[in-house]
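Examining the three-dimensional arrangement
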Amino acid sequence: MAATMKALRKMQPARGLQMDTVAVPATGPTDVLVCVKAASICGTDLHIYGWDRWSQGRIKPPLTLGHEFCGNVERVGDEVTAVKPGDFVSAEMHVNCGHCRQCRLGQAHICQNLRIIGIDQDGAFADFVRIPASNIIKLDPGIPEHYGAILDPLGNAVHTVLAGPIAGQTVLVTGCGPIGLMSIAVAKACGSSTVFATETNEARRAMAKKMGADVVINPASEDAVKRILGETGGTGVDALLEMSGNPMAVQQGFKALRAGGRASLLGIPTENVPLDLVNDVIFKGATVQGIYGRRMYETWVEMTALLKAGRLNLEPLFGQRAPLVQFEGAFAKLQEGLPGKILLYPNGVGRSN
Ligand code: NAD
Ligand code: ZN
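- Looking at an unreviewed UniProt entry, the protein carries the name L-threonine 3-dehydrogenase, with the source organism given as Candidatus Acidiferrum panamense.
- For the record of the protein, the UniProt heading Cofactor (unreviewed entry) holds the text "Zn(2+)".

As structure tokens, then:
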């Protein structure tokens, strides 16, 4: 195989990304080299592209981006037994240390020494990506490759939805970005009764309907809390799935939560969010959960089982497909707020099944 490959990289501590030619990653005895078939752009990639304050503190250029992908195994290290060349795979891109307290307690997703491939080391916006064998997920060949490319954010959605009771529950999803939209589909597939969704962007509200939301509310033009309390007989929803990181949405979510309900918070606010702890958490007897990443590997087992069973229709989410080298147009569209996901193909644009 060739010694070099193309990769989409942050080359300088400044706005923008560049295509570059780099060495194909060397693999150690426990590594897997994957030939990337399809990759997808995450909100985090947009932040790194724009070189915001968070990126400036975290990213050390030069770095190949990309943490949502699927592909085929190209080569495996001597000690790897779980996969072989040709296997269709994706990967958990959060790499845990295996020895901290949380890792020992089966909570590897909140490992003390977590490193993220595509953020802390070279990622999947390239012809090939190197992954530790422990993090490789072998996929059923029946899972379409465009679904394989978005398992990272879908896993965020599945983790959040299944972090508490869901069958027969009323649910509020605040924020209909890609993860909120996926959460709507997952909640419906898992038997939730009424799914409410709030979103300020019109195109994303339309998408929320397509994903199966029963009641879609624009909190900028309507009192979302009043509407949800009205539609639930004054009780509120059983579960809040916070997917916006917007302080007002968080506050409204807690107000719309019923006493005894659960609030699962995934959205990442960029500022402190004042909460009425007395009335919205303590007197309500609410269960509040922070949700980070995907449980390793419970979430992956649940997610791939749902996909294999054909329970999740995410087709409305898939918009444009482009060769990796045409990344600029894709990033621009997402920055404009395009609802859904754009797929990038380093090794030839894939089939559209
Ligand atoms: P996104 O930014 O595309 O989606 C957020 C959505 O919230 C947008 O559509 C926005 O219009 C909407 N919104 C803004 N203000 C609102 C309001 N007042 N009411 C309702 N909706 C409002 O992000 P995404 O990629 O879907 O990710 C969702 C959130 O989860 C982000 O905050 C992201 O940073 C975070 N995230 C967390 C994890 C984790 O592991 N905890 C992982 C990935 C992403
Ligand atoms: Zn650890």
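1. What to know about the sheet that holds strand E4 (residues 63–64)
- Pairing is antiparallel across the open sheet formed by 3 strands, whose spatial order is E2-E1-E4. Taken across any chain shown, the strands that pair with only one partner, and hence form the sheet edges, are strand E2 (18–23) and E4.

2. Some words on the packing of helix H5 (residues 151–161) against helix H11 (residues 298–308)
- Relative to each other, H5 and H11 sit at 105 degrees, their axes nearing to 9 Å. Judged on the interaxial angle alone, H11 and H5 are roughly perpendicular. Within the contact between the two elements, H5 uses Leu151, Leu154, Gly155, Val158 and His159 and H11 uses Thr299, Trp300, Glu302, Met303 and Leu307.
- The residue makeup of the contact of H5 with H11, split by class, is 6 nonpolar, 3 polar and 1 charged.

3. Looking at the sheet that holds strand E16 (residues 287–290)
- Strands sit in the order E13-E12-E11-E14-E15-E16 across an open sheet of 6 strands; the sheet is parallel. The open sheet has two edge strands with one neighbour each: strand E13 (215–217) and E16. On average, each strand axis in the sheet is tilted by 15 degrees relative to the strand beside it, whichever way the strands run.
- Inspection of the sheet shows strand E11 (residues 171–174) paired to strand E12 (residues 195–198) by 4 bridges, in the parallel sense. Bridge pairing links valine 171 to valine 195 in E12.

Rules used in this analysis
- Residues numbered from 1 in each chain as written.
- Chains lettered and ligands numbered in written order.
- Predicted model: local features only at pLDDT ≥ 70, side-chain atom pairs only at ≥ 80, totals over all residues.
- Heavy atoms only, no water.
- UniProt positions renumbered as here; feature names shortened; annotations may be inferred.
- Pairing = 2+ DSSP bridges.
- Helix = DSSP H or I, 4+ residues; strand = E, 2+ residues; numbered from the N terminus.
- Axes fitted to C-alpha atoms, helices over the stretch in contact; angles between N-to-C directions.
- Parallel < 35°, antiparallel > 145°, perpendicular 65-115°, else oblique.
- Contact = heavy atoms within 4.5 Å.
- Nonpolar A, V, L, I, M, F, W, Y, C, P; charged D, E, K, R; others polar.

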